[in-house]
There are 2 protein chains.
Amino acid sequence: MKVAIAGSGAIGSRFGYMLHKAGNDVILIDKWPEHVNTIRSNGFTVDEDNKQHVVNIPIYYPNEVNDVVDVVFMFTKSMGLGDMLEDIKPILGPKTSVVSLLNGIGHEDVLKHYIPMENIFLGVTILTSHLEGPGHVAFSGAGTTEIQNFVHGESEAQMARNIVKMLDDAGLNTSYSEDVKFSIWRKACVNGAMNATCALLDCNLAEFAATNQSEPIIRSIVKEFVNIASQKGTQLDEGEMVQYILESARNIGSHYPSMHQDLVQNHRLTEVDFLNGAIARMASEDFNTTAPYNELTTRLIHAKEQVLATR
Amino acid sequence: MKVAIAGSGAIGSRFGYMLHKAGNDVILIDKWPEHVNTIRSNGFTVDEDNKQHVVNIPIYYPNEVNDVVDVVFMFTKSMGLGDMLEDIKPILGPKTSVVSLLNGIGHEDVLKHYIPMENIFLGVTILTSHLEGPGHVAFSGAGTTEIQNFVHGESEAQMARNIVKMLDDAGLNTSYSEDVKFSIWRKACVNGAMNATCALLDCNLAEFAATNQSEPIIRSIVKEFVNIASQKGTQLDEGEMVQYILESARNIGSHYPSMHQDLVQNHRLTEVDFLNGAIARMASEDFNTTAPYNELTTRLIHAKEQVLATR
């Protein structure tokens, strides 16, 4: 299949490389000049399970691509999703499937503006990957990915299964999900309860979990996620979520969530509007209520983005 | 009058020195060994309007004091109020007036455990002062202080006026307040809307005020202050408070609130339980409701206290 990776950062590169190696016709798309130039000049350096390969995969800037592809995988930052879709319109034919594996909720509202709903596929991956520098990705370890069609229908489900098979054949341990929205909400709830808090407190998961405030803070954020998810048709269990999040934080330990990296370490904008911010927005826009814990969390993160941007 | 200053930090020292200079029989009380030892060995160094004096004022540890005094001024940290009152019981006679000029709300609930209500006097001061080091205080500039009896009654009001006169005669520009609770709530609301936020965001007042999140964050915190104050019998105006706080923040500019100094700069416990924490506590304990913005703010500050304490 002809495949485009829209956003070729750490995780997009892992998908692109694996699909390329399995014989698919893959192109990478990215906006970072050093990354694009390095790959064009020297090839793409890939450390796969500590073995280094250099491969040639075509890479383009978003506004350079022209030929319609069969499948596009979206691996941008959440805030960049709309801009990327706008730029790559030439490769989106009437039958082009677009798969979003982005973290967070509310991406379908962006995708719907650019793509017929029957071409939208949503998924969750727990694979990890790390960009060592421009043109150089490193990854190891296993992890699952699940994907489902956004519109319920036989042909949509068949297309989802084709995409699943292509990924699975490429070694990207992927399955068809009967309820991907549950997985998306669940992951968003986990991230929403921890990421912004660790960024605000400038601490790692274990440090936060060790405070006597972590349980009530997590519970108040989770409660609002559970409420809005339920109104949107997805049932999460509050008690189970709180327990799982606390245990994960203790087990994962000294890891700094990506929002900490974006905000504290790199003074960059965060994806909070697709986690806590989505809950606050849906509460007020869709259900005429409030989600004060997620709202204040979102506002504090945005305030900190602005404070740090000026330094 | 025989006067004790319970807590002889920056502002307590200013009051103690001025009352001593005006001829009152003043003793200082403090727990900081370097401070006590320096004053005992070398006298108290006071920079008053840039002129330096060295004076001898007796200073004691809290557990050393014995003789009953006429008036005690409480200038501890909020968290240390109860401990100090416990320690200085020997100087609290049946007629000893106790004046609290501490920032924040809820101190009367602590005072009531140790002192007959008719001996309690509450006040607000906007004087400032700075401890240069152990045994060395510096201050300049003017500012008002207001004081009122806690229990309404003729003899209590008379005692309050006596205390006011003593302070005013000592050059501590003080007046009798007809509604000191309003002043206390108002100051607490100003501090509650700004101090914790600047500590969490690690920024000064002007930096916070410059973000597009400051107005909604301040408004949501103020709204809960106004609600609880009203239920406690004090009317604050939400619109006026928000306007005043934003303007103050812009005008005061590059100042870091004391909670930032305590938490971020010195990794010490903060007084948040007597600001935002008091609102959350009163909401749930006294009025069976919630104050989520103040509750989350309080929890984040406590979490950060714990994270920083371990570093």
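Residues numbered from 1 in each chain as written. Chains lettered and ligands numbered in written order. Predicted model: local features only at pLDDT ≥ 70, side-chain atom pairs only at ≥ 80, totals over all residues. Heavy atoms only, no water.

Visitor: Mind showing me how you'd approach the overall build of chain A here?
Guide: Within chain A, the secondary structure is distributed over 12 helices and 12 strands. Computed over its C-alpha atoms, the radius of gyration of chain A comes to 19 Å, within 12% of the 19 Å expected for a compact globule of 311 residues. Its C-alpha atoms give chain A principal-axis dimensions of about 50 × 45 × 35 Å. For chain A, the proportion of its 311 residues judged to be buried stands at 56%. For chain A, the accessible area works out to roughly 12,900 Å², and carbon and sulfur atoms hold 47% of it. Charge centroids of chain A, computed over 24 positive and 38 negative side chains, lie 1 Å from each other. (Helix = DSSP H or I, 4+ residues; strand = E, 2+ residues; numbered from the N terminus. Rg over C-alpha atoms; globule rule 2.2 N^0.38 Å. Buried < 20%, exposed > 50% of the residue type's maximum accessible area, 1.4 Å probe, protein only. Areas by Shrake-Rupley, 256 points an atom, 1.4 Å probe, with all protein chains shown as cover. Lys, Arg positive; Asp, Glu negative; His and termini not counted. Charge placed at Lys NZ, Arg CZ, Asp CG, Glu CD.)

Visitor: For this particular structure, what's the right way to read the sheet that holds strand 6 (residues 71–74) of chain B?
Guide: Two orientations exist for strands paired in a sheet by backbone hydrogen bonds: parallel and antiparallel. Residue and element names in this part refer to chain B. Strand order in the open sheet made by the 8 strands is 5-2-1-6-7-8-11-12, with mixed pairing throughout. A strand with exactly one partner marks an edge of an open sheet, and here the two such strands are strand 5 (59–60) and strand 12 (174–176). Its contacts with the sheet put helix 1 (residues 10–21) on strand 1 (2–6), strand 2 (25–29), strand 6, strand 8 (120–125) and strand 11 (145–149), and the angle it makes with strand 1 is roughly 165°. (Pairing = 2+ DSSP bridges. Contact = heavy atoms within 4.5 Å. Axes fitted to C-alpha atoms, helices over the stretch in contact; angles between N-to-C directions.)

Visitor: What exactly am I supposed to notice about the domain arrangement of chain A here?
Guide: It is common to give the size of an interface as the accessible area lost on bringing the parts into contact. Residues and elements named next belong to chain A. The domain boundaries assigned to chain A delineate domain 1 (2–178) and domain 2 (181–307). Computed over C-alpha atoms, the centres of domain 1 and domain 2 are 26 Å apart. On the domain 2 side, the residues contacting the 17 residues of domain 1 number 18 residues. Our count for the domain 1 to domain 2 interface comes out at 1 salt bridge. Here Lys77 ties to Asp262 by a salt bridge, and the two come within 3.0 Å at their closest N and O atoms. Of all elements in the fold, only helix 4 (107–111), strand 8 (120–125) and strand 11 (145–149) reach the threshold of two or more residues within the side of domain 1 that touches domain 2. Ranked by the residues each element gives to the side of domain 1 that touches domain 2, the list is headed by strand 8, at 4 residues. Here the residues of the side of domain 1 that touches domain 2 sort into 6 nonpolar, 8 polar and 3 charged. (Domains from an automatic or database assignment. Salt bridge = Lys/Arg side-chain N within 4 Å of Asp/Glu carboxyl O. Nonpolar A, V, L, I, M, F, W, Y, C, P; charged D, E, K, R; others polar.)

Visitor: What is the right way to look at the interface of chain B and chain A in this model?
Guide: Across the contact, 26 residues belong to chain B and 27 residues belong to chain A. Between chain B and chain A lies a buried interface of about 2,600 Å² when both sides are counted; carbon and sulfur atoms form 62% of it. The largest contributions to the chain B side of the interface with chain A come from Leu201, Tyr293 and Leu296 of chain B, which together make up 22% of the buried area. At the junction of chain B and chain A, the tally comes to 0 salt bridges. Here chain B is connected to chain A by 8 residue pairs in polar contact (both at pLDDT 80 or more). For the side of chain B that touches chain A, the elements supplying multiple residues, two or more each, are helix 6 (180–201), helix 8 (214–231) and helix 12 (292–309) of chain B. (Buried area = accessible area lost by both parts, 1.4 Å probe. Polar contact = N/O pair within 3.5 Å; in protein donor to acceptor, adjacent residues only side chain to side chain.)

Visitor: How do you make sense of the relation of the copies chain B and chain A when you look at a structure like this?
Guide: Two copies of one chain are present, and they are related through a rotation about an axis combined with an axial shift. At an RMSD of 0.0 Å, chain B and chain A line up after a rotation of 180° and a shift of 0.0 Å along the axis. Both copies of the chain, as the preceding transformation shows, are related through a two-fold rotation axis. Taken together, the interface assignments show that 100% of the residues at the interface of chain B recur at the interface of chain A, consistent with an identical surface on both copies. (Least-squares fit on C-alpha atoms with pLDDT ≥ 70 in both.)

Visitor: So what exactly am I meant to see when it comes to the packing of helix 6 (residues 180–201) of chain A against helix 12 (residues 292–309) of chain A here?
Guide: Residues and elements named next belong to chain A. At their nearest, the axes of helix 6 and helix 12 sit 10 Å apart, and the two run at 45° to each other. Between helix 6 and helix 12, the angle is such that the two are oblique. In this structure, the crossing between helix 6 and helix 12 has a hand that is left-handed. Across the interface between the two elements, Ala196, Ala199 and Leu200 of helix 6 pack against Thr297, Leu300, Ile301 and Lys304 of helix 12. In terms of residue class, the contact of helix 6 with helix 12 is made up of 5 nonpolar, 1 polar and 1 charged. (Parallel < 35°, antiparallel > 145°, perpendicular 65-115°, else oblique. Left-handed = near helix turned anticlockwise from the far one by under 90°.)

Visitor: What is the right way to read the packing of helix 8 (residues 214–231) of chain A against helix 9 (residues 238–252) of chain A from this model?
Guide: A pair of packed helices is characterised by two quantities: the angle between their axes and the separation of those axes. Residues and elements named next belong to chain A. Where helix 8 meets helix 9, the axes come as close as 9 Å, and the angle between the chain directions of the two elements is 135°. Comparing the axis directions of helix 8 and helix 9 gives the class oblique. Helix 9 is crossed by helix 8, and the crossing has right-handed handedness. For the pair formed by helix 8 and helix 9, the contact residues are Ser214, Glu215, Ile218, Arg219, Val222, Lys223 and Val226 on the first element and Glu238, Met241, Val242, Ile245 and Leu246 on the second.

Visitor: Teacher, can you tell me more about the pattern of salt bridges here?
Guide: Two side chains carrying opposite charge are able to pair once their charged atoms lie near each other. All names here are of chain A. The final tally for this structure, using the stated rule, is 30 salt bridges over all chains. Residue Lys2 pairs with Asp25 through a salt bridge whose shortest N-O separation is 3.5 Å. Taken together, the residues span a long stretch of sequence, with Lys2 in strand 1 (residues 2–6) and Asp25 in strand 2 (residues 25–29) at a distance of 23 residues. For Asp25, a relative accessible area of 39% translates into the label partly exposed.

Visitor: Teacher, can you tell me more about helix 8 of chain B here?
Guide: Helical geometry note: an α-helix holds 3.6 residues per turn, so side chains three or four residues apart project in the same direction. In a regular helix each residue adds 1.5 Å, so 18 residues correspond to 26 Å; helix 8 of chain B covers 26 Å between its end C-alpha atoms and thus fits that length. What helix 8 of chain B keeps buried is the set Ser214, Pro216, Ile217, Ile218, Ser220, Ile221, Val222, Glu224, Phe225, Val226, Ile228 and Ala229 of chain B. Summarising the contacts, the buried residues of helix 8 of chain B are in contact with helix 12 of chain A together with helix 6, helix 7 (205–209), helix 9 (238–252), helix 11 (276–287) and helix 12 of chain B. After helix 8 of chain B finishes, the residue Gly233 of chain B shows a positive phi value of roughly 100°. (Expected span 1.5 Å × (residues − 1).)

Visitor: In this structure, what is going on with the sheet that holds strand 6 (residues 71–74) of chain A? I would like to understand it.
Guide: Residue and element names in this part refer to chain A. In spatial order, the strands read 5-2-1-6-7-8-11-12; together these 8 strands make up an open sheet with mixed pairing. Looking along the sheet, the strands with just one partner apiece sit at the ends: strand 5 (59–60) and strand 12 (174–176). Strand direction decides the pairing type here: strand 1 and strand 2, joined by 5 bridges, are parallel. By the bridge assignment for strand 2, Lys2 is matched with Asp25. Docked against the sheet, helix 5 (residues 154–169) engages strand 1, strand 6, strand 7 (97–100), strand 8, strand 11 and strand 12, running at close to 165° with respect to strand 12.

Visitor: Explain the packing of aromatic side chains here, please?
Guide: Geometrically, a pair of aromatic rings is defined through the distance of the ring centres and the angle of the planes. In this structure the tally under the stated criterion is 8 aromatic pairs over all chains. Ring centres 6.1 Å apart and planes at 55° place the aromatic pair Tyr17 of chain B and Phe139 of chain B in the tilted group. A residue pair is termed long-range when its members are at least 10 positions apart, and Tyr17 of chain B in helix 1 and Phe139 of chain B in strand 10 (residues 136–139) qualify at 122 residues. Phe139 of chain B carries the same exposure label as Tyr17 of chain B, and that label is buried. For the pair Trp185 of chain B and Phe225 of chain B, a centre-to-centre distance of 6.4 Å together with 80° between the ring planes defines the contact as edge-to-face. Of this pair, Trp185 of chain B sits in helix 6 while Phe225 of chain B sits in helix 8; the two residues are 40 residues apart in sequence, bridging distant segments of the chain. Accessibility assignment for this pair places Trp185 of chain B and Phe225 of chain B in one class, buried. Put simply, the rings of Phe15, Phe73 and Phe75 of chain A pair up and form one aromatic cluster. Cation over ring: Arg161 of chain A sits above Tyr176 of chain A, and NZ or CZ is 4.0 Å from the ring centre. Seen from the ring of Tyr244 of chain A, Arg186 of chain A lies directly overhead, with NZ or CZ sitting 4.6 Å from the centre. (Phe/Tyr/Trp six-rings, centres within 6.5 Å; stacked < 30°, edge-to-face > 60°. Lys NZ or Arg CZ within 6 Å of the ring centre and 35° of its normal.)

Visitor: Which parts of the structure should I look at to understand unusual backbone geometry?
Guide: A positive phi angle is found at His267 of chain A, which is not glycine, with a value near 55°. With respect to the secondary-structure elements, His267 of chain A resides in the loop between helix 10 (258–265) and helix 11 (276–287). The class of His267 of chain A is partly exposed, set by a relative accessible area of 35%. In the Ramachandran plot, Asn288 of chain B falls in the positive-phi region, its phi being about 50° despite a non-glycine side chain. Mapped onto the elements of the fold, Asn288 of chain B is located in the loop between helix 11 and helix 12.

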